[in-house]
Amino acid sequence: MTARTRFTLDRRRFLQSAAAGTAGIVASGLPLSQAIWAQEGKVLRVRSYADINKLDPGFYQNAYNVSVMNCIYSGLMNYKPGTDWATELQAAESIEQIDPTHIRFKLKPGLMFTGGYGEITAEDVKFSFERVILQDSPMKDDWGPLNRVEVEDTHTGVIVLDRPFVPLWNVSLPYGVGHIVSKEAVLEATGDGGDFGMQPPMFSGPYVIADWRPNEVLILERNPDWTGQKPGFDEIQIRPIEDPQTAETAYRAGDIDFTHVSLSSLEQLNQRAPENTVIEERPSLYYVYLGMNMEHPKLQDINVRKAIQWAVNIPQLLEVAYFGYADVATGMIAPGLVGHRDKALIPPEGDLEKAREFLAEAGAEGLQLRIDVLNQAKFTTMAQVIQAQLGQIGIDLQIDVQDAGSFWTIGMETEGERWKDMQLILQRFSMVPDPFYATTFFTCEQVGNWNWERFCSERFDALNREATTVQDEEKRAQMYHEMQDLMEESGAYRFLTHEGAPFIYRRTVLEPATRPDGRALYRYFQPV
Amino acid sequence: MLFYLVKRLGLAVAIVVLAVTLLFIMIQSVPGDPAAVVLGPRATPEQKALINEKMGLDEPLPVQLVTFFGNVATGDLGTDVFTQRPVADIVFGQMPYTIILILTSITWAALIGIPLGAYSAIRRNSVIDKIIGVLSVSAIAIPSFVMAVYALLIFAVQLNWLPAIGLGEGFWGGLRHLILPAFAVGVGWVGYIARIVRASMLEVLGETHIRMARSFGLRESRIVFRYALTLAILPTVTVLGVGMAHLLSASVFAEVVFARPGLGALIVQAVDTRNYPVVMGTVLVTTALFVISTTIADLINAALDPRVRESL
């Protein structure tokens with residue numbers, strides 16, 4: 001027989017209970033909607049600016065995919081959370097440069113793959129790294145001159161390079177292609193060790209994918225087989241929210257607890273931050289510049305290009321487009337990285353008199369030009385400021401706003417004749433923390449591919465090749481300084497800014513862990 | 001009726017084919033290289049060429065079009081160039097969210113708009129009629145995205161009554177997450193439906209059979225609900241059917257602003273990344289949805305109104 005308790009709820013009792021419940025929720029400091037629907041367990045709720053579309057580290061394409069890979073796979077080493085660029089050991093117990101082309105690693109014993117694929121071994125490391133080259137991955141340049149990985153025993157191996165490759169320590173090992181997958185699992189899933197796309201056949205990190213509802217949420221849960229450092233949260237919910245304003249609203253509403261925000265929101269956030277919110281600003285690695293097609297008939301004369309360089313007043317431009325929250329760039333390479341220049345050749349404010357002199361020398365008075373920009377407010381605003389600034393020296397600038405699909409192929413020769421018509425362009429590229437990644441897109445080989453300004457310098461190419469092999473940081477920095485000088489001297493570039501990477505988080509919920517550029521390292525986030 | 005149905009279905013197929021063909025030509029004529037987007041900046045021209053070959057983009061346009069329709073006939077909408085998932089899985093996976101949003105929006109709009117319009121017509125020129133008129137026109141005039149943003153700021157951010165983004169878990173969670181987007185998408189339709197029903201009711205209330213019913217001494221409520229409203233509602237049904245297209249467009253902003261999955265958000269992303277198979281698959285399905293909804297509206301009209309049935 002089941003005992004039953006009869007509850008009676010009159011109006012007075014209902015109001016008393018409701019008032020007590022509400023007071024409890026208010027006292028807990030949680031938004032009402034969050035308190036009612038909160039779930040058990042430590043759940044980290046964050047925003048990604050796009051949905052995942054690739055989970056094979058050997059074929060990674062985007063930072064937001066790599067953020068997830070960091071959680072579900074392990075590498076020999078990873079970026080150390082903090083404000084200075086540094087790395088630390090992850091799956092490796094030790095790793096050392098034996099000579100300029102040989103790197104010995106020793107794996108921590110007992111780190112397991114999921115799905116019954118056993119322990120992570122040196123053979124898996126060999127397979128993970130070599131398949132990037134063997135499968136002709138678009139990311140194979142990340143491994144530079146990797147020749148092979150020699151397996152010495154179960155846990156020890158030697159990475160063998162054809163020539164020294166310094167970016168290996170900054171990019172290859174701690175980032176995308178450095179993640180380790182199971183040879184057995186991948187061969188079983190793909191047959192040839194090729195791209196497994198969105199279907200990881202195993203996991204090797206502290207989290208596994210519990211659920212992926214496209215365009216809604218990706219849920220990561222603790223990996224029960226994980227024997228490494230225990231992650232802080234039981235579950236991570238990553239919600240793809242493309243629009244930064246929507247993300248900020250979602251944060252304010254209590255739906256997420258960590259998000260990057262736009263620079264344009266910083267003023268408002270600094271004045272009226274949501275309760276228990278910490279705002280952090282980090283220097284980003286992005287580089288934004290004004291590029292000029294050197295082969296366009298109107299821009300072939302270097303004096304015209306120099307006139308444009310000197311006419312652009314960067315602080316003025318950044319004040320309008322980024323509300324004063326972005327710093328002036330001195331080149332492509334951001335502060336904190338090897339090769340960052342202290343100052344550019346042309347002063348940030350430019351000089352209108354000098355600009356007019358260059359234009360007069362070119363005999364190009366009354367010049368009409370066009371600038372292509374991406375259809376985002378900050379770029380159209382910047383283009384309008386540049387339009388006004390060039391107007392001061394008599395250049396009539398027309399602004400051509402394009403959607404992403406059209407914009408990102410303007411200068412590609414594979415897209416027909418459009419590159420011939422390109423004149424000025426407002427560009428923004430992302431970076432990983434090694435200068436090689438920036439300069440490599442501006443070589444002669446890249447003309448018509450990603451080098452849309454068609455800048456080509458033998459000296460630059462030689463430096464670009466050599467700089468990846470130089471281990472002396474000082475010497476390497478000088479080489480990148482010279483490369484940026486060459487770019488600027490060509491007149492084809494006016495480096496504008498690295499923007500910034502502000503983010504907000506609820507201090508009552510989490511302690512974030514990010515790279516110096518603000519990229520989230522979710523596996524190291526800690527609950528409060 | 002059967003002939004009418006067959007005729008409508010034939011027309012529906014023709015509309016879908018024409019719309020998809022036009023779109024196919026349009027997206028091929030705008031610049032953009034899906035291979036470059038798929039492979040990223042490090043890809044070599046050879047790798048890009050390989051992807052284009054795999055996607056069939058190296059074939060002449062008519063061949064691509066015929067291949068596309070041939071595949072569609074076998075239920076194959078292609079493969080997403082990024083995730084390598086079947087487009088049919090992606091589109092049909094996202095479709096229920098959009099349909100639920102649209103149906104919820106239109107249902108609550110109709111449930112409020114129809115009585116308001118009918119009441120306005122019955123109390124013609126009264127203060128309440130004028131207030132409803134002003135509110136209806138205001139609801140129509142305020143852009144849905146403005147309504148969405150303010151609803152979000154008030155109910156999700158300021159009051160914290162409702163969640164701001166996502167779909168929610170379970171039935172009740174889903175319902176709570178649906179309130180704000182459905183409100184934003186449907187609020188303009190409340191005013192629109194109220195105005196249509198009012199105008200239609202006024203016309204019907206002046207007709208001979210209504211005067212006859214009154215002269216027979218039938219109760220006013222019976223006259224209004226049984227004899228007037230059933231006829232007055234017919235134009236609304238037609239408008240709702242055609243309104244599906246508008247609602248599909250409105251769902252784009254709602255899905256972006258409220259970070260909800262759905263066909264609107266999907267197509268925006270796909271167009272941006274020149275993900276042609278997903279664009280084509282989504283447009284095919286949304287066009288089909290539109291055609292089906294207008295056909296259903298016509299059939300409901302025919303079922304409700306004997307005059308329409310007889311004219312078929």
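Residues numbered from 1 in each chain as written. Chains lettered and ligands numbered in written order. Predicted model: local features only at pLDDT ≥ 70, side-chain atom pairs only at ≥ 80, totals over all residues. Heavy atoms only, no water.

With an unreviewed UniProt entry as reference, chain B is termed Dipeptide transport system permease protein DppB, source organism Caenispirillum salinarum AK4. Looking at chain B in UniProt, the text filed under Subcellular location (unreviewed entry) is "Cell membrane". As recorded by UniProt, the Sequence similarities (unreviewed entry) comment attached to chain B reads in full: "Belongs to the binding-protein-dependent transport system permease family." (UniProt positions renumbered as here; feature names shortened; annotations may be inferred.)

In the nomenclature of an unreviewed UniProt entry, chain A is known as Dipeptide ABC transporter, periplasmic dipeptide-binding protein of Caenispirillum salinarum AK4. Listed under Sequence similarities (unreviewed entry) in UniProt, the entry text for chain A is "Belongs to the bacterial solute-binding protein 5 family." Entered under Subcellular location (unreviewed entry) in the UniProt record, the comment concerning chain A runs "Periplasm".

## Description of the side chain of Thr101(A)
Residues and elements named next belong to chain A. With respect to the helices, strands and loops of the structure, Thr101 is situated in the loop between strand S5 (92-99) and strand S6 (102-107). A polar side-chain atom of Thr101 sits 3.0 Å from a polar atom in the side chain of His102. Thr101 has contacts with Ile159, Val160, Leu161, Asp162, Arg163 and Pro164, leaving out every residue within four places of it along the chain. (Helix = DSSP H or I, 4+ residues; strand = E, 2+ residues; numbered from the N terminus. Polar contact = N/O pair within 3.5 Å; in protein donor to acceptor, adjacent residues only side chain to side chain. Contact = heavy atoms within 4.5 Å.)

## Here we look at the UniProt feature "domain: Solute-binding protein family" (unreviewed entry) in chain A
The sites that carry the UniProt feature "domain: Solute-binding protein family" (unreviewed entry) are, in the present numbering, residues 91-442 of chain A. Within residues 91-442 of chain A, the helical portion is 28% and the strand portion 23%, while the C-alpha atoms at the span's ends are 35 Å from each other.

## Section: the UniProt feature "domain: ABC transmembrane type-1" (unreviewed entry) in chain B
The feature "domain: ABC transmembrane type-1" (unreviewed entry), as given by UniProt, occupies residues 95-301 of chain B in the numbering adopted here. Structurally, residues 95-301 of chain B comprises 85% helix and 0% strand, and the distance from its first C-alpha atom to its last is 26 Å.

## Quick look at the nonpolar core
Leu76(A), Ile159(A), Leu290(A), Ile308(A) and Phe442(A) are the most contacted members of the largest nonpolar core, which totals 150 residues. For Phe442(A), the residues in contact, after removing those within four places along its chain, are Tyr287(A), Tyr289(A), Met332(A), Phe429(A), Asn451(A), Glu453(A), Phe455(A), Phe460(A), Met487(A) and Tyr493(A). Formed by 80 residues, the second largest nonpolar core is a distinct cluster that contains Ile210(B), Met244(B), Leu263(B) and Val279(B). (Core = buried A, V, L, I, M, F, W, Y, C linked by side-chain atoms within 4.5 Å. Buried < 20%, exposed > 50% of the residue type's maximum accessible area, 1.4 Å probe, protein only.)

## What to know about the pattern of salt bridges
Residues and elements named next belong to chain A. As enumerated under the stated definition, the model contains 32 salt bridges over all chains in all. With a closest N to O distance of 3.8 Å, Arg370 and Asp400 form a salt bridge. Of this pair, Arg370 sits in strand S16 (residues 368-374) while Asp400 sits in strand S17 (residues 396-402), placing them 30 residues apart in sequence. For the salt bridge of Asp421 with Arg370, the shortest nitrogen-to-oxygen distance reads 3.7 Å. Within this pair, whereas Asp421 is found in helix H14 (residues 418-421), its partner Arg370 is found in strand S16, the two being separated by 51 residues in sequence. The class of Asp421 is partly exposed, set by a relative accessible area of 42%. (Salt bridge = Lys/Arg side-chain N within 4 Å of Asp/Glu carboxyl O.)

## A word on the packing of aromatic side chains
Residues and elements named next belong to chain A. On inspection of all chains with the given rule, the structure shows 35 aromatic pairs over all chains. Ring geometry for Tyr49 against Tyr64: centres 5.1 Å apart, planes inclined by 80 degrees, an arrangement best described as edge-to-face. Note that Tyr49 is positioned in the loop between strand S1 (43-48) and helix H3 (63-72) and Tyr64 in helix H3, a separation of 15 residues in sequence. Relative accessible area serves as the criterion here: at 34%, Tyr49 is assigned to the partly exposed category. When its relative accessible area of 13% is taken as the criterion, Tyr64 is described as buried. (Phe/Tyr/Trp six-rings, centres within 6.5 Å; stacked < 30°, edge-to-face > 60°.)

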